[in-house]
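Structural overview for review
These are the residues of each chain, in order.
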Amino acid sequence: MTPSEPTQRSFMQRGKGGYVNPYVVGVGLGLTLLLAFYVVGRGLGASGAMFRIVAWTADEVATEHVDDNAYLAEYAGGNKKPLHDWLIYEIVGMMVGGLLSAAQAGRLRFTIERGPHITDRNRLLLAFLGGGIMGFGARLARGCTSGQGLTGGATLALGSWGFMLMVFVGAYALAYFFRKQWI
């Protein structure tokens, strides 16, 4: 076989950059979502775990405040243990799995991804600001993109489909203004 001839790879073989075929990953994610519904009776999501960590932290620092706040008390009031929730284990599993996957594929590096026209400091500032806005929006929407898009979309919830449509519309609308940060 000459170097110009295309090679055939199995669908699980890692391609350029060590990435697995996205269709295989999509099927795996769908099966994981199905398994989550079957085992724990709920879909996947990430913002609920983060809020439980925030509620736990607030409960450790100011227990009386948490008990007096109806919103926080729902998660951490009284004798409730907000860290004893399956979402916490899901997030820990995602972080450990991502770390192991990157290490196994030889892509584990501690770096700041940015374009040539932005400093590391500004990239981190924008990432933190964007993450804060997304986190606030996730609490207002009572779900993050994984909860709304994956779980809500899988259950054919009209609001979730509308949410994901608006995520893409917003991303395309704002891409023009942020593109110079990356090119």
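What counts, and where the lines are drawn
Residues numbered from 1 in each chain as written. Predicted model: local features only at pLDDT ≥ 70, side-chain atom pairs only at ≥ 80, totals over all residues. Heavy atoms only, no water. Core = buried A, V, L, I, M, F, W, Y, C linked by side-chain atoms within 4.5 Å. Buried < 20%, exposed > 50% of the residue type's maximum accessible area, 1.4 Å probe, protein only. Helix = DSSP H or I, 4+ residues; strand = E, 2+ residues; numbered from the N terminus. Contact = heavy atoms within 4.5 Å. Axes fitted to C-alpha atoms, helices over the stretch in contact; angles between N-to-C directions. Parallel < 35°, antiparallel > 145°, perpendicular 65-115°, else oblique. Left-handed = near helix turned anticlockwise from the far one by under 90°. Nonpolar A, V, L, I, M, F, W, Y, C, P; charged D, E, K, R; others polar. Expected span 1.5 Å × (residues − 1). Polar contact = N/O pair within 3.5 Å; in protein donor to acceptor, adjacent residues only side chain to side chain. Salt bridge = Lys/Arg side-chain N within 4 Å of Asp/Glu carboxyl O.

1. Regarding the nonpolar core
Listed in full, the six residues of the largest apolar core are Phe51, Ala55, Val66, Leu72, Tyr75 and Ala76. Only α2 (47-61) and α4 (70-76) provide two or more residues apiece to this core. In contact with Ala76, other than residues within four places in its own chain, are Ala55, Asp59, Val66 and Pro82.

2. Side note on the packing of helix α7 (residues 145-154) against helix α8 (residues 158-178)
Running from amino to carboxyl end, α7 crosses α8 at an angle of 130°, the nearest separation of the two axes being 8 Å. Classified by the interaxial angle, the pair formed by α7 and α8 is oblique. Crossing handedness for the pair α7 and α8: left-handed. Touching Thr145, Gln148, Gly149, Gly152 and Gly153 of α7 are Gly159, Ser160, Trp161, Phe163 and Met164, all from α8. Its residues assigned to classes, the contact of α7 with α8 shows three nonpolar, seven polar and no charged.

3. Some points on helix α1 (residues 22-40)
Its 19 residues give α1 an end-to-end C-alpha distance of 26 Å, which sits within 8% of 27 Å, the value for a rise of 1.5 Å per residue. Within α1, burial applies to Val24, Leu33 and Ala36. Considering only its buried residues, α1 is in contact with α7. Backbone nitrogen of Tyr23 and a side-chain oxygen of the N-cap are separated by 2.8 Å at the start of α1; the cap is Asn21. Positive backbone phi, at 80°, marks Gly41, one or two positions downstream of α1.

4. Structural notes on the pattern of salt bridges
A side chain with one charge can pair with a side chain of the opposite charge if their charged atoms come near. In the structure shown here, the tally under the stated rule is two salt bridges. Across the pair Arg52 and Asp85 runs a salt bridge whose closest N-O atoms are separated by 3.4 Å. A residue pair is termed long-range when its members are at least 10 positions apart, and Arg52 in helix α2 and Asp85 in the loop between α4 and α5 (86-105) qualify at 33 residues. This pair shows no difference in class: Arg52 is buried, exactly as Asp85 is. Among the salt bridges present, the one from Arg114 reaches Asp120, with a minimum N-O distance of 2.4 Å. Since its relative accessible area comes to 36%, Asp120 is described here as partly exposed.

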